[in-house]
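Notes for the structure review
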Amino acid sequence: MTRYIRHAAAFCALLLIALLVNATRVQIVQSDSLDENPANRRQAITRFGQPRGDIMVDGRAVTGSQDTGEQLRYERTYKNGPLYAPVTGFASQVYGTTLLENAEDDILSGTDPMLAPLPFWNDISRDQNPGGKVQTTIKAAAQQAAYAGLGGKKGAVAAIEPSTGKILALVSTPSYDPERLSGTSSSVARSWAALNNSSDKPMLNRAIRQTYPPGSTFKVVTAAAALDSGTVTDLDAATKSPSPYTLPGTTTELTNEVEGCKNATLRYAFAWSCNTFFAKLGADTGLADMAGTARNFGFNDTGLKIPSSVAASNFDTSMDKAQLALSSIGQYDTRATPLQMAMVSAAVANGGSVEAPYLVDRTTTDDGDVVGTHGTETLQRAMNPATAMQLRELMTDVVEEGTGTNAAIPDVTVGGKTGTAQHGIDNSGTPYAWFISWAQKSGDAQPSVAVAVVVEDAAADRGDISGGGSAAPIAKAVMEAVLGG
Amino acid sequence: MTGTTVGSAPPSVPAVRVPRRRGTELALIVVAVLLSVYGYCDVGLAKNGTVPPGAAGYGAGLGVLALLAHLAVRFRAPYADPLLLPIAVLLNGLGLVLIYRLDLETPGDEAATAQLVWSTVGVALFIGVVVFLRDHRVLQRYAYISVVAALILMIVPIFFPAVNGARIWIRIGGFSIQPGEFAKILLAIFFASYLAANRNALAYTGRTVWKLKRLQLPTGRVLGPIVAIWLLSVGVLVLERDLGTSLLFFGLFVILLYVATGRTGWIAVGLLLAGFGAFAVGSLEPHVHSRVEDWLHPFASIDAGEGPNQLAQSLFAFAAGGMLGTGLGDGHSILIGFAAKSDFILATAGEELGLVGLTAIFLLYALLVERGFRAGLALRDAFGRLLAVGLASIVALQVFVIAGGVTGLIPLTGMAMPFLAQGGSSVVTNWIIVALLIRVSDSARSQPLPQEPS
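What comes next concerns the included structure. Please read these numbers as outputs of a predicted model, since none were measured by experiment. (Residues numbered from 1 in each chain as written. Chains lettered and ligands numbered in written order. Predicted model: local features only at pLDDT ≥ 70, side-chain atom pairs only at ≥ 80, totals over all residues. Heavy atoms only, no water.)

Focus: the overall build of chain A
Basically, it comes down to this: Only DSSP runs of H or I covering at least 4 residues are called helices, and only runs of E covering at least 2 are called strands; the numbering of each starts at the N terminus. Remark: exposure states derive from per-residue accessible area (1.4 Å probe, protein chains only) relative to the maximum for the residue type, with buried under 20%, exposed over 50%, and partly exposed in between. Where accessible areas are quoted, they stem from the Shrake-Rupley method and a 1.4 Å probe; at the residue level, only the protein chains shown are allowed to cover. For the charge count, each Lys or Arg is scored as positive and each Asp or Glu as negative, with His and the chain ends excluded. A charge is said to be at NZ when it belongs to Lys, at CZ for Arg, at CG for Asp and at CD for Glu.
Per the secondary structure count, chain A includes 18 helices and 18 strands. With the C-alpha coordinates aligned to their principal axes, the bounding extent of chain A is approximately 120 × 50 × 40 Å. A total of 485 residues make up chain A; the buried ones form 55% of that total. Counting every atom, chain A has about 19200 Å² of accessible surface; 49% of that belongs to carbon and sulfur. The centroid of the 38 positive side-chain charges in chain A is displaced by 6 Å from the centroid of its 49 negative side-chain charges.

Written as structure tokens, this is what we have:
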């Protein structure tokens, strides 16, 4: 019997070995894939197990955390949620993260290895670092001015510091309170459904994710291309410009909303936004130069990140002459984000150089130790410095005596360009009112702010007066807020 | 067989006695209690940042229980294997720590205190067995009473309402017990007794089924009663949907039949029957069929959008533990939900103690089993040998069935991890098993070593 008892013991030993081999399989071999299984709540529990780091504006937190005592313990709170939603995005237990909450998630959630005092330490201790802080480039006063200016209307504002690319304001209206998406309660699901089904699209970041036909504000790009290529050399020389202008190869006649555009000078045509003049100017400059300049301003760039990705603005690279003429006045297929048009204005203000726009000045640990900083980075040169000087003159004239007088600020040099983009079938939609501008305090070496404003439901009166009437005062308020601070 | 005083050898044989090692046992018990108290404090520190207020009471309670058990062994079974009791104390202490740890996640559903009360009952019965059962061979006389009692215990729950799909509970007032647990011991006694009495007939008589004499079927008169008992018990368990226990009885029966007769054919027949039975039940019985489906596709419910099932949650818990574990109190095995403290307690051990801790726990069980087999090898009476092997096999099979189930090695069957899992009947039964192993190991080690294996 002894032999058989030994056999039975060996059988039990085999069972034990099978258990150990299988435990190793689950705990070591398959552990990574099991840990990452989306149905495994552990990552979420760890993630929400500590307060999330804050997003800062002007040194003040615009976010917060609330201890709910639930399984996903800390919920995100927002101060002035609708005001900063286009900057912060949301951080939801259920629906994930967007915008800065998404782009800087590693810092905010504390998982970024740079936050650890020692490399690999956290791997051993299984500790989690407290969430870091994200210092934005936003100026609270500018943001508030833009938000208040848009009021209840649909629209967006982007403001940039031209010499650095710092984004000073990024507003999209109508907005929403991201706090409504924090937590796991049923009201979160209702908010999510309501926000997504709303015809106003409150969660759409119109400043960076929506492209609009830029209308006459695009004439800045056309003028830059014409001056750089030598199509026009003298701002004050009369040109051969018919009014009305028949689009090349068609019988379609283009007209103006203002008088005096026939054989106008570039200065006059720019100040009063002559469509006939700029359509012909673009066609005369040619597709290669127009497309090249547009690209140098940032059009057709699908890779721009601030750090959230920015929708690419469009300028077609193969068109016939008539399409090119229409594109040169911001119509046909030309589309731009408000941020892109702020970059156009900033390039003029910055001597022709386009600085990469950015939203995060620096990231720090919870204690304030700097983890990363964002330096200024020149994207490319949009035009010659001399051309930039000429365009500054042209844009200043618009505010001093043209369509943009509503943006004038006493004792400040302000340059601007109005635009009204018609859209819809047979231009039936209410036109978009545009205004792009920059401002330079007297005594300052260079302009300190460039702004783009778009208002979707502008007053119904047609013509560039709409951009000057609806959008220019908002731009003015934003510029004043920046200059005043 | 009566009249032999335990602890004395026939004078004609030179006494080669095993050292008693009661001091070793006491030292190991102290270590086991300290480890448990350490774990208890660790949970409190991890969850609340303070040593739990009950730590001293818990340590004292466990310590007093262990000490009383030790004294019973010291005076009534002085030659008993010194490892058995410390292993039981450590596993029971660790189980209490794990249950207390899970209690913190389920306010309003507190189980650790009840478990401590049941452990006290278990230790009391342990002491009772060690003190009053002077010779294990006495049990042989009660073989038929045992089997009748076992069958009654197994049948009674049929008349009580099902709890979570299984009719294995008796509820009276706020009290619930699982009589099937106690039936394990009684059946082991019956099998050991019957096979010890009839093993020659089973091994050497009967009709040859194959010409090659690979398999001889014993006469129906010998084989009949035991097969009938076995079929009856397994049948009842299938009715009660207690598949883990039916698998356990099946394994116990095959192992004891093999050890008693030494005929490999029994193993072949056993495996064939098991395979056929498993296939039939697995494909016909919907409850079991779903368990098999879960085992084959543990993440099917996730793909179906219904979230992870218990097995998937259990696998997540084990994976989260990795090599070293998250530390006591820092895991999230409560996500398993229902049965986290009972059937799935091992997942908490796996997550918070890691593969290292899990291996340690498996090795503790392996030592317990090995010590049982060793006692069986050293004994000279066939009944004692089969009883020791049977009890050790119960522990081994039970650990394999439940641990294999929660780690996805075999289909899941609801069963309690010996000593670790929440469950009064289970912890009491296991203390009695250890008491019987103490008793047989005392007999084995107080005898001179057998000169010739029989």
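Okay, back to it.
Quick look at the overall build of chain B
Which entries qualify depends on this criterion: For this analysis, residues touch if any pair of their heavy atoms sits within 4.5 Å.
On a plain count of helices and strands, chain B comes out with 15 helices and four strands. Out of the 454 residues in chain B, the part that is buried amounts to 56%. Sequence separation of at least 24 residues holds for 73% of the intrachain contacts in chain B that already meet a minimum separation of 6.

Details of a nonpolar patch on the surface
All names here are of chain B. Definition in use: The patches described consist of residues with a relative accessible area above 30% and no salt bridge, like charges being joined within 9 Å and nonpolar side chains (Val, Leu, Ile, Met, Phe, Trp, Tyr) within 5 Å. Here, a salt bridge means any side-chain nitrogen of Lys or Arg that lies within 4 Å of a carboxyl oxygen of Asp or Glu.
Among the surface-exposed residues, L26, V30, L34, V64, L67, L68, L71 and F75 lie close enough to one another that they form a single nonpolar patch of about 720 Å² accessible area. Counting only elements with at least two residues in the nonpolar patch, the list comes to α1 (22–48) and α2 (55–76). Here the nonpolar patch takes five residues from α2, the largest share from any one element. Within the secondary structure, L34 is located in helix α1.

Side note on the interface of chain A and chain B
Keep this limit in mind: Summed over both partners, buried area is the accessible surface (1.4 Å probe) that two parts give up on being assembled. Polar contact is the term for a pair of N or O atoms within 3.5 Å; when the atoms are in protein, one must be able to donate a hydrogen and the other to accept it, and sequence-neighboring residues count only if both atoms are side-chain atoms.
On the side of chain B, 52 residues touch chain A, which itself brings 33 residues to the contact. Taken together, the two surfaces of chain A and chain B that pack against each other cover about 3600 Å², and 73% of this comes from carbon and sulfur. If you sort the residues of chain A by the area they bury against chain B, M1, Q27 and R42 of chain A come out on top, with a joint share of 22%. Salt-bridge contacts for E351 of chain B lead to R42 of chain A; the nearest nitrogen and oxygen are separated by 2.9 Å. At the junction of chain A with chain B, the criterion picks out eight residue pairs in polar contact (both at pLDDT 80 or more).

A closer look at the sheet that holds strand β16 (residues 412–421) of chain A
Residues and elements named next belong to chain A. Convention followed: Note: two strands are recorded as paired if DSSP finds a minimum of 2 bridges between them. For helices, the fitted line uses only the C-alpha atoms of the stretch in contact; every axis is such a line through C-alpha atoms, and the angle between N-to-C directions lies from 0 to 180 degrees.
Spatially, five strands are ordered β9-β8-β18-β17-β16 in an open sheet, and the strand pairing comes out antiparallel. Of all strands in the sheet, those with a lone pairing partner are β9 (167–173) and β16, marking the two edges. Across the sheet, the mean angle from the axis of one strand to that of its neighbour is 10 degrees, orientation sign disregarded. Of the pairings in the sheet, the one linking β16 to strand β17 (residues 432–441) comprises 10 bridges and is antiparallel in character. Each bridged residue has a counterpart across the sheet, and for T420 the counterpart in β17 is A433. The sheet contacts of helix α8 (residues 140–150) involve β8 (155–160), β9 and β18 (449–455), and relative to β9 the element is tilted by about 25 degrees.

Brief notes about the side chain of H136 of chain B
Residues and elements named next belong to chain B. Within the secondary structure, H136 sits in the loop between α4 (112–132) and α5 (143–155). Residue H136 is classed as buried on the basis of its relative accessible area of 2%. A distance of 3.2 Å separates polar atoms of two side chains, one belonging to H136 and the other to D381. Not counting chain neighbours up to four residues away, the residues in contact with H136 comprise L379, D381, F383, G384, R439, V440 and S443.

Describing the nonpolar core
Cut-off, in case you're wondering: The nonpolar core is taken to be a set of buried Ala, Val, Leu, Ile, Met, Phe, Trp, Tyr and Cys residues, with the residues joined through side-chain atoms within 4.5 Å.
Counting 156 residues, the largest nonpolar core has F126, F362, M417 and I438 of chain B as its most contacted members. The element best represented in this core is helix α14 (residues 382–406) of chain B, accounting for 17 residues. Beyond its immediate sequence surroundings of up to four residues, F126 of chain B is in contact with A69, V73, L85, W431, V434, A435 and I438 of chain B. By size, the runner-up hydrophobic cluster in this structure holds 89 residues, among which are V232, A322, A349 and V360 of chain A.

Things to note about the state of the cysteines
In a disulfide, the sulfur atoms of two cysteines are covalently bonded to one another. Residues and elements named next belong to chain A. Put simply, the test is: The disulfide definition used here is simple: a pair of cysteine sulfur atoms within 2.5 Å.
Applying the stated rule across the entire model yields one disulfide over all chains. The disulfide bridge from C261 ends at C274, spanning 2.0 Å between sulfur atoms. An S-S torsion of about -80 degrees defines the bridge between C261 and C274 as left-handed. Highlighted residues: C261 in the loop between β11 (253–254) and α12 (266–271) and C274 in the loop between α12 and α13 (275–285), separated in sequence by 13 residues. In this structure C261 comes out as buried when scored by relative accessible area, which is 2%.

Some details on the packing of aromatic side chains
To keep things clear, this is the line we draw: Pairs were defined over the aromatic rings of Phe, Tyr and Trp, the Trp ring being its six-membered one, requiring ring centres within 6.5 Å. Orientation was assigned from the angle between planes: stacked under 30 degrees, edge-to-face over 60, tilted for the rest. Over a ring means this: the NZ of a Lys or the CZ of an Arg is within 6 Å of the ring centre and within 35 degrees of the ring normal.
Applying the stated criterion across every chain, the model contains 18 aromatic pairs over all chains. Aromatic pair Y212 of chain A and Y432 of chain A: ring centres 5.0 Å apart, planes at 80 degrees, arrangement edge-to-face. A residue pair is termed long-range when its members are at least 10 positions apart, and Y212 of chain A in the loop between α10 (206–209) and α11 (219–229) and Y432 of chain A in strand β17 qualify at 220 residues. Residue Y212 of chain A shares its accessibility class with Y432 of chain A, and that shared class is buried. Here the aromatic rings of F190 of chain B and Y194 of chain B are separated by 5.8 Å at their centres, their planes lie at 40 degrees, and the arrangement is tilted. Of the two residues, F190 of chain B and Y194 of chain B are both situated in helix α6 (residues 179–204); the distance of four residues between them amounts to about one turn of the helix. By the burial criterion, F190 of chain B is buried, and Y194 of chain B matches it. Grouped by ring-pair contacts, the aromatic residues Y144, F190, F191, Y194 and F253 of chain B constitute a single cluster. A cation sits over an aromatic face here: K417 of chain A above F270 of chain A, 5.7 Å from the ring centre.

Describing the pattern of salt bridges
The tally for this structure, following the rule as stated, stands at 27 salt bridges over all chains. Between D105 of chain A and R52 of chain A there is a salt bridge, and its shortest N-O distance comes to 2.9 Å. Of this pair, D105 of chain A sits in helix α6 (residues 105–109) while R52 of chain A sits in the loop between α3 (42–47) and β1 (55–57), placing them 53 residues apart in sequence. For D81 of chain B, the salt bridge goes to R371 of chain B, with nearest N and O atoms at 3.1 Å. Here D81 of chain B is found in the loop between α2 and α3 (84–103), whereas its partner R371 of chain B is found in helix α13 (residues 345–378), with 290 residues between them in sequence. The same class applies to D81 of chain B and to R371 of chain B, which are both buried. It is possible to trace a salt-bridge network through shared partners that takes in R47, R52, D54, R76, E101 and D105 of chain A.

What to know about the environment of A169 of chain A
Residue and element names in this part refer to chain A. Residue placement: A169 occurs in strand β9. Spatially, the C-alpha atoms of A169 and D236 are 36 Å apart, while their sequence positions differ by 67 residues. Non-local contacts of A169, meaning those with residues more than four positions away in its chain, are made with I138, A142, Q143, V157, A158 and A159.

Quick notes on empty space enclosed by the protein
Residue and element names in this part refer to chain A. To keep it simple, the criterion reads: Think of a 1 Å grid over the protein atoms and nothing else: a 1.4 Å probe that fits but is trapped marks a cavity, an open set flanked by protein within 12 Å on at least five of seven lines marks a pocket, and residues with an atom within 4 Å of a point count as lining. Grid points are joined across faces, edges and corners, and a volume is the space filled by probe spheres set on the points. All residues other than Ala, Val, Leu, Ile, Met, Phe, Trp, Tyr, Cys, Pro, Asp, Glu, Lys and Arg, Gly among them, are scored as polar; the first ten of these are nonpolar and the last four charged.
A complete count under the given rule lists five cavities of 30 Å³ or more for this structure. Quantified by volume, the largest cavity comes out at close to 70 Å³. In terms of lining, the largest cavity is formed by R47, F48, Q50, P51, R52, S65, Y74, E75, R76 and A91. Broken down by element, the residue count for the lining of the largest cavity peaks at three residues, all from strand β4 (residues 74–78). For the lining of the largest cavity, the residue count by class is four nonpolar, two polar and four charged.

Quick look at the packing of α14 of chain B against helix α15 (residues 424–446) of chain B
What describes two packed helices is the angle between their axes and the distance between those same axes. All names here are of chain B. We count it as follows: Note on convention: the crossing is left-handed when the near helix lies turned anticlockwise from the far helix by less than a right angle, right-handed when the turn is clockwise.
It is the contact of α14 with α15, at a shortest axis distance of 10 Å, that shows an interaxial angle of 145 degrees. Between α14 and α15 lies a crossing whose hand is left-handed. Facing α14, whose interface residues are L387, A388, L391, I394 and V395, α15 presents I433, L436, L437 and V440. Grouping the amino acids of the contact of α14 with α15 by side-chain chemistry returns nine nonpolar, no polar and no charged.

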